[in-house]
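Each chain, written out:
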There are 2 protein chains.
Amino acid sequence: MASLRLAVDAMGGDLGLRATLPASLQILQEIPELSISLIGDQGEISAALSAHGGDQSRLHIVHAADVVDMDEKPSHALRHKRESSMGIALQLLKDGQVDAVVSAGNTGALMALGCLLVERLPQVRRPAICALFPAHNGFTLGLDVGANIAASPEELYQFASMGSALYSSMTGQSAPRVGLLNVGEEMIKGTEVVRDAAELIQADAKLNFCGFVEGGDYFSEQVDVIVSDGFAGNVALKACEGTANYIRGELSRFSDQHPVARLIAALFWPLIRKFRREIDPRRYNGAALLGLNGIVIKAHGSSDQSGYYAALHQTVQAVRSDLITNIARQL
Amino acid sequence: MASLRLAVDAMGGDLGLRATLPASLQILQEIPELSISLIGDQGEISAALSAHGGDQSRLHIVHAADVVDMDEKPSHALRHKRESSMGIALQLLKDGQVDAVVSAGNTGALMALGCLLVERLPQVRRPAICALFPAHNGFTLGLDVGANIAASPEELYQFASMGSALYSSMTGQSAPRVGLLNVGEEMIKGTEVVRDAAELIQADAKLNFCGFVEGGDYFSEQVDVIVSDGFAGNVALKACEGTANYIRGELSRFSDQHPVARLIAALFWPLIRKFRREIDPRRYNGAALLGLNGIVIKAHGSSDQSGYYAALHQTVQAVRSDLITNIARQL
């Protein structure tokens, strides 16, 4: 049985150990070949662990005295936080002691420390953050969703290649359809950067370019990978999450307010819960930092146990599908 | 009783007359002081009208031989389409023969012809398109959602003023909370343009600036007006619509697939339909073109009757609240 080793930044994210610890124990129980290094304050982790039962033999604590704050500038983290839980996790990956890193901490710091410690793949100009969006039969990959406020045509073109490799790696599909985010489907629309990027992507025979797409196409079954700069991609990601949370909230309010709906909700709670879970953005937690020479997955900062568990699951999938080799081959 | 006169671009939009005509008849029935000029092909409109019954005395046909195509370049429309249904509608507004124009046609052409024929308010640098997003207790205004691919700090600042005036006009609220779209709430994040715009908005005592917001905040109850360039705003708008449509679709599939859910759906269809309607993006149809010296409302290109009706309703509200005077005062 092949062993699979993850480093978990135990202190990162809004909930810290309250999310990372139970999620780690949960996934260890399900995957027998998995071992996890929890990086963080030794005393705090030990105390928290003692409250949990079960087999903890594949869980190792690696002490880190420091932590990267959620609002810390990446440049500050670069200079002062290599000994943080995030920094040590990335160093373990660099040293080949783990197969991947998961963190719910500060995204900018994770990207900056990742570039410093894990380094970029030689061909890569700028790494990108890649997120999953649900579609009826599977999912759509969006990148960049936050690493680069702006992107040149050449950088967008590389995002297309990296995203295409990740999608293939996750699904086995050989020629995923790549779309470029724009404000209209007609080729006349959009900025010069976007139009130039379209030409570069179109010209690469390894890529299956399907033209411009719009913000509504993240849920489309007509496209597999959506490429954008990090500003527009981040806005799209947050807008989708915001809409889903709003609708979930309205669904709850609706069933609370109407006596008949409340009766239905009581009688058929498992079905309603299933539907709510299907539209829960946390299920699609776990953004990949693409372009690094190693697998680094960013869990949502507000992840709770179930959100963090989803991110861990995606990380295991990335390791198993040999993501990095596939990206290097595509570039 | 004050009279209220609208010009409707009858030929615009994907469905053309099939949406604009029944929606016009519907709103005329509800608002006795309203009269509508339907601009388009006289023969087609007459033929379509004869299939409808009811009082048509407050509906006037104005013949237009031409129509702006949905994928026509704005520059082409400017040169060749002043005699189109869209162009004639805008000319009627300019001449003071109607109080507002509604069109589901080509947005770029509507903006270009609007600037030419209706003209901008003297102080306005760039007009913007403003859309409504539902929130639990009311709505959020987003602008720009598509008129300007990029925007300078000064232009974003003007969008804040115009959006604030529109929100006040629609709700009576004197100091709506204005947020600036960014990729993070911390002041360190985002582009230089966005950071400079924040300083300008902050410095204006007439504006109630609440700082940076993210894509998820379009549904927040913490902000009333969200300012962005047209690229990011358009992506957000489409992403929200896409998510809502995706969830509506999943809800339908869910109730089709599960026998118990199908039973619930059959028994409680009115309740379910009410919920689906509440999360239907078409309800929030009707984007305002802000910055022109007259009220021009853009209905969604794919509007059906109910979507177009919502846009007409919003137009009536804008006229009644004396929108243009309020914007001029705010700038």
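These lines cover the structure that appears in this document, whether it is placed above or below. Note that the structure is a prediction, hence the values are computed from the model and not measured.

1. Quick notes on a negative patch on the surface
All names here are of chain A. The grouping of Asp-66, Asp-69, Asp-71 and Glu-83 at the surface amounts to a negative patch. Secondary-structure assignment places Asp-66 in the loop between strand 3 (59-63) and helix 3 (74-80). Looking at Asp-66, the relative accessible area reads 33%, which means it is partly exposed.

2. Describing the pairing of strand 7 (residues 177-181) of chain A
Residues and elements named next belong to chain A. Most of strand 7 is tucked away, with 4 of its 5 residues classed as buried. Two elements, strand 7 and strand 9 (residues 225-227), share 3 bridges in a ladder whose sense is parallel. Residue pairing in the sheet places Val-178 in a bridge with Val-225 of strand 9.

3. Examining unusual backbone geometry
Look at the link from Leu143(A) to Asp144(A): it is a cis peptide, with omega at -5°. Structurally, Asp144(A) is set in the loop between strand 6 (138-143) and helix 6 (153-171). With a phi angle near 55°, Asp322(B) is a residue other than glycine that sits in the positive phi range.

4. Concerning the packing of aromatic side chains
Counted by the stated rule, this structure contains 8 aromatic pairs over all chains. Pairing Phe219(A) with Tyr246(B) gives two aromatic rings, centres 5.2 Å apart and planes at 20°, and the pair type is stacked. Remark: Tyr246(B) occurs in helix 8 (residues 230-257) and Phe219(A) occurs in the loop between strand 8 (208-213) and strand 9; the pair is interchain, linking two chains. According to the relative accessible area criterion, Phe219(A) is buried, its value standing at 9%. Measuring from ring centre to ring centre gives 4.3 Å for Phe133(B) and Tyr218(B), while their planes differ by 35°; the resulting arrangement is tilted. Here Phe133(B) is found in strand 5 (residues 128-135), whereas its partner Tyr218(B) is found in the loop between strand 8 (208-213) and strand 9 (225-227), with 85 residues between them in sequence. Overall, Tyr218(B) belongs to the buried group, its relative accessible area being 0%. In this structure an aromatic cluster arises from ring pairing among Phe133(A), Tyr218(A), Phe219(A) and Tyr246(B).

5. Some words on the sheet that holds strand 7 of chain A
All names here are of chain A. Strand order across the open sheet formed by 11 strands is 3-2-1-4-11-10-5-6-9-7-8, with mixed pairing between neighbours. Taken across any chain shown, the strands that pair with only one partner, and hence form the sheet edges, are strand 3 and strand 8. Direction aside, neighbouring strands of the sheet carry axes that sit 25° apart on average. The sheet contact formed by strand 1 (residues 4-9) and strand 4 (residues 100-103) spans 3 bridges and is parallel. Paired with Ala-7 across the two strands is Val-101, which belongs to strand 4. Along the sheet, helix 1 (residues 17-30) contacts strand 1, strand 2 (34-40) and strand 3; its crossing angle with strand 2, the most-contacted strand, is approximately 170°.

6. Re the sheet that holds strand 7 (residues 177-181) of chain B
Residues and elements named next belong to chain B. Overall, mixed pairing links the 11 strands, which are arranged 3-2-1-4-11-10-5-6-9-7-8 in an open sheet. Looking along the sheet, the strands with just one partner apiece sit at the ends: strand 3 (59-63) and strand 8. The sheet shows a mean angle of 25° between the axes of neighbouring strands, taken without regard to direction. Bridge count between strand 7 and strand 8: 4 bridges; the pairing is parallel.

7. Structural notes on helix 11 (residues 305-320) of chain A
All names here are of chain A. With 16 residues, helix 11 extends 23 Å from end C-alpha to end C-alpha; this agrees with the ideal 22 Å at 1.5 Å per step. For helix 11, the set of buried residues is Gly-307, Tyr-308, Tyr-309, Ala-310, Ala-311, Leu-312, Gln-314, Thr-315, Val-316, Ala-318 and Val-319. With its phi angle positive at about 55°, Asp-322 sits one or two positions after the end of helix 11.

8. Details of the environment of Asp9(A)
Residue and element names in this part refer to chain A. Looking at the secondary structure, you find Asp-9 in strand 1. Along the primary structure Asp-9 and Ser-103 are separated by 94 residues, whereas in three dimensions their C-alpha atoms are 4.9 Å apart. Ignoring any residue separated from it by four or fewer positions in sequence, one finds Asp-9 in contact with Thr-20, Ile-39, Ser-85, Met-86, Val-102, Ser-103, Gly-105 and Tyr-308. There is a polar contact of 2.6 Å between the side chain of Asp-9 and the side chain of Ser-85. A distance of 2.7 Å separates the side chain of Asp-9 from the side chain of Ser-103, its partner in a polar contact.

9. Quick notes on the pattern of salt bridges
With the rule as written, the count across this model stands at 12 salt bridges over all chains. The salt bridge partner of Arg177(A) is Asp224(A), with a shortest N-O separation of 2.9 Å. Taken as a pair, Arg177(A) in strand 7 and Asp224(A) in the loop between strand 8 and strand 9 lie far apart in primary sequence, 47 residues in all. Given a relative accessible area of 3%, Asp224(A) falls into the buried group. The shortest N-O distance in the salt bridge between Asp99(B) and Arg5(B) comes to 3.1 Å.

10. Quick notes on the environment of Ala109(B)
All names here are of chain B. Mapped onto the elements of the fold, Ala-109 is located in helix 5 (residues 107-117). Ala-109 sits in the buried class, given a relative accessible area of 0%. Taking the C-alpha atoms as reference points, Ala-109 and Glu-72, separated by 37 residues in sequence, lie 7.6 Å from one another.

11. What about the packing of helix 1 of chain A against helix 11 of chain A?
Residue and element names in this part refer to chain A. With their axes 8 Å apart at the nearest point, helix 1 and helix 11 run at an angle of 50° to one another. Here helix 11 runs oblique to helix 1, going by the angle between their axes. Helix-helix and strand crossings are classified by hand; for helix 1 and helix 11 the assignment is right-handed. Listed contacts from helix 11 to Ala-19, Thr-20, Pro-22, Ala-23, Ser-24, Gln-26, Ile-27 and Glu-30 of helix 1 are Gln-305, Tyr-308, Tyr-309, Leu-312, His-313 and Val-316. Grouping the amino acids of the contact of helix 1 with helix 11 by side-chain chemistry returns 8 nonpolar, 5 polar and 1 charged.

So, how was this worked out
Residues numbered from 1 in each chain as written. Chains lettered and ligands numbered in written order. Predicted model: local features only at pLDDT ≥ 70, side-chain atom pairs only at ≥ 80, totals over all residues. Heavy atoms only, no water. Patch = residues over 30% accessible without salt bridge, like charges linked within 9 Å, V, L, I, M, F, W, Y side chains within 5 Å. Areas by Shrake-Rupley, 256 points an atom, 1.4 Å probe, with all protein chains shown as cover. Salt bridge = Lys/Arg side-chain N within 4 Å of Asp/Glu carboxyl O. Lys, Arg positive; Asp, Glu negative; His and termini not counted. Charge placed at Lys NZ, Arg CZ, Asp CG, Glu CD. Helix = DSSP H or I, 4+ residues; strand = E, 2+ residues; numbered from the N terminus. Buried < 20%, exposed > 50% of the residue type's maximum accessible area, 1.4 Å probe, protein only. Pairing = 2+ DSSP bridges. Phe/Tyr/Trp six-rings, centres within 6.5 Å; stacked < 30°, edge-to-face > 60°. Axes fitted to C-alpha atoms, helices over the stretch in contact; angles between N-to-C directions. Contact = heavy atoms within 4.5 Å. Expected span 1.5 Å × (residues − 1). Polar contact = N/O pair within 3.5 Å; in protein donor to acceptor, adjacent residues only side chain to side chain. Parallel < 35°, antiparallel > 145°, perpendicular 65-115°, else oblique. Left-handed = near helix turned anticlockwise from the far one by under 90°. Nonpolar A, V, L, I, M, F, W, Y, C, P; charged D, E, K, R; others polar.

These figures come from the coordinates and say nothing about function on their own.
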